[in-house]
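Secondary and tertiary structure notes
Read off the chains here:
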Amino acid sequence: MVISREGALYQRLRLARNAAVIVAKGLRSVAPTCSIHPTSHLARDLEAGPYVFIGRRCTLSPGVRIGSYTMLASGVAIVGDDHNWLDPEQPMQFSGRPPQRRTEIGADVWLGHGTIVMRGLRIGDGAIVAAGSVVTKDVPPREIWAGVPARKLRDRFTDSADVDRHVAALARPLVTPRFAERQQTG
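Attention here is on the structure that accompanies the text. (Residues numbered from 1 in each chain as written. Predicted model: local features only at pLDDT ≥ 70, side-chain atom pairs only at ≥ 80, totals over all residues. Heavy atoms only, no water.)

Attention now moves to the overall build of the chain. Looking only at helices and strands, the chain features two helices and 17 strands. Dimensions of the chain, computed from C-alpha atoms along their principal axes, come out at roughly 65 × 45 × 40 Å. Sequence-distant contacts, at least 24 apart, represent 25% of the contacts inside the chain between residues at least 6 apart. Approximately 11000 Å² of the chain is accessible, and the part contributed by carbon and sulfur atoms is 57%. Of the side-chain charges in the chain, 25 are positive and 17 negative, and the distance between the mean point of each set is 8 Å. (Helix = DSSP H or I, 4+ residues; strand = E, 2+ residues; numbered from the N terminus. Contact = heavy atoms within 4.5 Å. Areas by Shrake-Rupley, 256 points an atom, 1.4 Å probe, with all protein chains shown as cover. Lys, Arg positive; Asp, Glu negative; His and termini not counted. Charge placed at Lys NZ, Arg CZ, Asp CG, Glu CD.)

Put into structure tokens, the structure is as follows:
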């Protein structure tokens with residue numbers, strides 16, 4: 001039986017699956033429409049807005065907040081900033097931890113497959129980070145970044161009117177989701 005992704009049954013099944021994963025992982029600050037793959041490793045203090053997608057085998061350390069409509073492809077990791085390494089008299093693993101900083105990922109962000117984001121950074125609304133990138137500094141809103149270390153390639157929108165429409169779109173009430181139908185393989 002094929003269930004249309006446009007129908008109410010699909011929506012109810014998707015919400016039930018989301019709820020099961022959210023409960024199993026002990027997440028308290030995640031919107032019920034957030035889709036999290038069961039293989040991902042997430043800190044329990046994760047905050048995620050409506051329609052966030054977290055793909056297979058993602059690893060998110062503590063102190064992460066993700067805005068609505070953001071997509072994390074498979075293998076995305078938010079890591080680091082968790083060891084003191086400047087004390088010459090202590091091995092790093094016994095030197096304690098510095099104060100932990102929050103990582104802020106805005107709304108409508110897309111982090112490509114295998115992206116690594118160092119903890120404590122801010123990725124602005126509408127930004128795109130290409131697969132395999134390593135983000136070591138803040139990414140401004142609506143910019144496309146790539147590389148190791150990641151750097152700006154270009155702006156997502158070149159017309160200021162498009163920027164204004166994007167800002168307005170993120171400020172309005174939630175959109176009604178339309179999920180793409182599965183592609184037939186042959």
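What follows covers the pattern of salt bridges. One pass over the structure, following the stated rule, counts nine salt bridges. Between Glu-47 and Arg-65 there is a salt bridge, with the nearest N and O atoms lying 2.8 Å from each other. Placement of Glu-47 in strand β4 (residues 47–48) and of Arg-65 in strand β7 (residues 64–66) is noted, with a sequence separation of 18 residues between them. A relative accessible area of 34% means that Arg-65 is categorised as partly exposed. Through salt bridges that share partners, Glu-47, Arg-65, Arg-102 and Glu-104 make up one connected network. (Salt bridge = Lys/Arg side-chain N within 4 Å of Asp/Glu carboxyl O. Buried < 20%, exposed > 50% of the residue type's maximum accessible area, 1.4 Å probe, protein only.)

Together, Phe-53, Met-71 and Trp-110 make up a nonpolar patch on the protein surface, roughly 300 Å² of accessible area in all. Relative to the helices and strands, Phe-53 is located in strand β5 (residues 53–54). (Patch = residues over 30% accessible without salt bridge, like charges linked within 9 Å, V, L, I, M, F, W, Y side chains within 5 Å.)

What follows deals with the side chain of Ser-133. Following the sequence through the fold, Ser-133 ends up in the loop between β14 (128–129) and β15 (134–135). Looking at Ser-133, the relative accessible area reads 1%, which means it is buried. There is a polar contact of 2.8 Å between the side chain of Ser-133 and the backbone oxygen of Ala-130. Once you skip the residues sitting within four places of it in the chain, Ser-133 turns out to touch Gly-114, Thr-115, Ile-116, Trp-145, Ala-146, Gly-147 and Ala-150. (Polar contact = N/O pair within 3.5 Å; in protein donor to acceptor, adjacent residues only side chain to side chain.)

Another point: the nonpolar core. Ranked by internal contacts, the top residues of the largest apolar core, which has 30 residues, are Ile-36, Leu-46, Ile-54, Ile-66 and Leu-111. In this structure Ile-66 touches Leu-46, Glu-47, Ala-48, Gly-49, Val-52, Ile-54, Leu-60, Leu-72 and Ile-105, once residues within four positions along its chain are discounted. (Core = buried A, V, L, I, M, F, W, Y, C linked by side-chain atoms within 4.5 Å.)

Moving on, we come to the sheet that holds β5. Strand order in this open sheet of seven strands is β2-β5-β8-β11-β14-β16-β17, and the pairing throughout is mixed. One side of each edge strand has no neighbouring strand; the edge strands of this open sheet are β2 (35–36) and β17 (150–155). In this structure, strand β11 (residues 110–111) lies alongside β14, joined through two bridges in parallel fashion. Across the sheet, the residue bridging to Trp-110 is Ile-128, located in β14. (Pairing = 2+ DSSP bridges.)

Turning next to the layout of surface pockets. If you add up the space inside the largest pocket, you get close to 1000 Å³. Contributing elements (two or more residues each) for the lining of the largest pocket: α1 (8–24), β2, β5 and α2 (160–171). Here the lining of the largest pocket gets four residues from one element, more than from any other, and that element is α1. Along the lines of polarity and charge, the residues of the lining of the largest pocket split into 16 nonpolar, eight polar and nine charged. (1 Å grid on protein atoms, 1.4 Å probe; cavity = no way out; pocket = protein on both sides within 12 Å on 5 of 7 lines; lining within 4 Å. Points joined across faces, edges and corners; volume = space filled by probe spheres on them. Nonpolar A, V, L, I, M, F, W, Y, C, P; charged D, E, K, R; others polar.)

Moving on: the packing of aromatic side chains. A full pass over the atoms with the stated rule returns one aromatic pair. Between Tyr-51 and Tyr-69, the aromatic rings sit 6.3 Å apart at their centres with planes inclined by 0°, giving stacked as the arrangement. With Tyr-51 in the loop between β4 and β5 and Tyr-69 in the loop between β7 and β8 (71–72), this residue pair connects regions lying 18 residues apart in the sequence. Taking relative accessible area as the criterion, Tyr-69 reaches 17% and is therefore assigned buried. (Phe/Tyr/Trp six-rings, centres within 6.5 Å; stacked < 30°, edge-to-face > 60°.)

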